[in-house]
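One letter stands for each residue in the lines below.
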Amino acid sequence: MKQLIDLTTWNRREHFAFFSAFEEPFFGLVAPVNCSGAQAEAKRLGVSFFLYYLHHAVQAANEVPEFRTRIEGGQVYRYDRVHASATLGRPDHTFAFSFIEQNDELSGFVAAATAEIAAVQASSGLRLTDTTGRPDVLHCSAIPWVRFTGLTHARSFQYPDSCPKISFGQTYQENGATWMNVAVNVHHALADGYHVGQFLQAFERRLSAGTV
């Protein structure tokens, strides 16, 4: 479900008008997230670390209304919940898009993700469909081989897109803690650095708490 936002009374109406006119309205940043203990918790639960942190990232994004807001046909809508469209790899080093439904329960999310992983492994190409390309998703990707400090995305400016893009890097040890750099790119007509900070804080809090 989604609700139409009244642009005449929206407190971001000027921000929306200003940044929507940009050729490149997205901005992004990279920040380290403390994931100490999260790998061990995932192992204890018998879940891959990727699916464990992806679940918490989707849950954290749903806590931030701006991460559930989209531009469609020139109008602004806020979804009740958003899901993951994650890139999933194959043994031949190609990848495909997926759709993983948001689920408050880790077990339900993992079950949906496991089915999508199997579908990707049994397919070829990008799997770009109305489902994997729907607007109520977060574009997620993992680059576990690289401790990146910056990241850009390939984008077609002719294609309307307002979905947040979240990328996860390689984990590393520093000052006795485990860290993972996370890149977050959002449409500036819908969100600011404050909202990215809200997401990162919620994500780190969930990883630290081990909420399932």
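Structure: see above.
Below: a short report on this structure. (Residues numbered from 1 in each chain as written. Predicted model: local features only at pLDDT ≥ 70, side-chain atom pairs only at ≥ 80, totals over all residues. Heavy atoms only, no water.)

The next point concerns the overall build of the chain. When you go through the chain residue by residue, the secondary structure sums to 5 helices and 10 strands. The C-alpha radius of gyration computed for the chain amounts to 17 Å, which stays within 12% of the reference 17 Å derived for 212 residues, consistent with globular compactness. Across its three principal directions, the C-alpha atoms of the chain cover 50 × 40 × 30 Å. Among the 212 residues that make up the chain, the fraction classed as buried is 44%. When the accessible area of the chain is evaluated, it comes to approximately 10600 Å², of which 54% is carbon and sulfur surface. Distance between charge centroids for the chain: 3 Å, based on 17 positive and 20 negative side chains. (Helix = DSSP H or I, 4+ residues; strand = E, 2+ residues; numbered from the N terminus. Rg over C-alpha atoms; globule rule 2.2 N^0.38 Å. Buried < 20%, exposed > 50% of the residue type's maximum accessible area, 1.4 Å probe, protein only. Areas by Shrake-Rupley, 256 points an atom, 1.4 Å probe, with all protein chains shown as cover. Lys, Arg positive; Asp, Glu negative; His and termini not counted. Charge placed at Lys NZ, Arg CZ, Asp CG, Glu CD.)

It is worth spelling out the environment of Leu151 at this point. Summarising the element assignment, Leu151 is placed in the loop between β8 (137-142) and β9 (165-174). With relative accessibility at 21%, the residue Leu151 sits in the partly exposed group. Spatially, the C-alpha atom of Leu151 lies 9.2 Å from that of Asn185, the residues being 34 residues apart in sequence. Not counting residues within four places of it along the chain, the set of residues in contact with Leu151 comprises Val30, Ile143, Ser167 and Ala183. (Contact = heavy atoms within 4.5 Å.)

The next subject is unusual backbone geometry. Here Arg127, not a glycine, exhibits a phi torsion of approximately 60°, which is positive. Here Arg127 shows up in the loop between α4 (106-121) and β8. Judged by its relative accessible area of 23%, Arg127 falls in the partly exposed class. The backbone phi angle of Asn175 is positive, close to 55°, even though this residue is not glycine. For Asn175, a relative accessible area of 77% corresponds to the exposed category.

Among the secondary structure elements, Ser162 is positioned in the loop between β8 and β9. Judged by relative accessible area, which is 7%, Ser162 ranks as buried. Among the polar contacts listed, one links the side chain of Ser162 to the backbone nitrogen of Ile71, at a separation of 3.0 Å. Excluding residues that lie within four positions of it along the chain, Ser162 makes contacts with Phe26, Thr69, Arg70, Ile71, His187 and Leu190. (Polar contact = N/O pair within 3.5 Å; in protein donor to acceptor, adjacent residues only side chain to side chain.)

Judged by nonpolar contacts, the single largest core of 44 residues is most densely connected at Phe67, Phe168, Val182, Phe199 and Phe203. The contact partners of Phe67, leaving out residues within four places of it in the chain, are Ala61, Val82, Leu138, Pro164, Ile166, Val184, Val186, His195, Val196 and Phe199. (Core = buried A, V, L, I, M, F, W, Y, C linked by side-chain atoms within 4.5 Å.)

One pass over the full model with this rule turns up 11 aromatic pairs. Judged by centre distance (5.0 Å) and plane angle (80°), the rings of Phe18 and Phe19 are edge-to-face. Taking the relative accessible area as the measure of exposure, Phe19 reaches 15% and is therefore buried. Measuring from centroid to centroid gives 5.9 Å for Phe95 and Phe97, while their planes differ by 75°, and the two rings are edge-to-face. Classification of Phe95 as partly exposed rests on a relative accessible area of 40%. Residue class for Phe97 comes out partly exposed when judged on its relative accessible area of 22%. Taken together, Phe49, Phe50, Tyr53, Phe67, Phe168, Phe199 and Phe203 form an aromatic cluster joined through their ring pairs. (Phe/Tyr/Trp six-rings, centres within 6.5 Å; stacked < 30°, edge-to-face > 60°.)

Okay, the pairing of strand β4 (residues 75-79) next. Successive side chains on a regular strand alternate, one facing one side of the sheet and the next facing the other. The pairing of strand β1 (residues 2-4) with β4 spans 3 bridges and is classified as antiparallel. Looking at β4, one finds that Lys2 is bridged to Tyr79. In terms of strand pairing, strand β3 (residues 69-72) meets β4 through 4 bridges, oriented antiparallel. Bridge pairing links Arg70 to Tyr77 in β4. The loop that links β3 with its antiparallel partner β4 comprises 2 residues; one of these, Gly73, has a positive phi angle of about 60°. (Pairing = 2+ DSSP bridges.)

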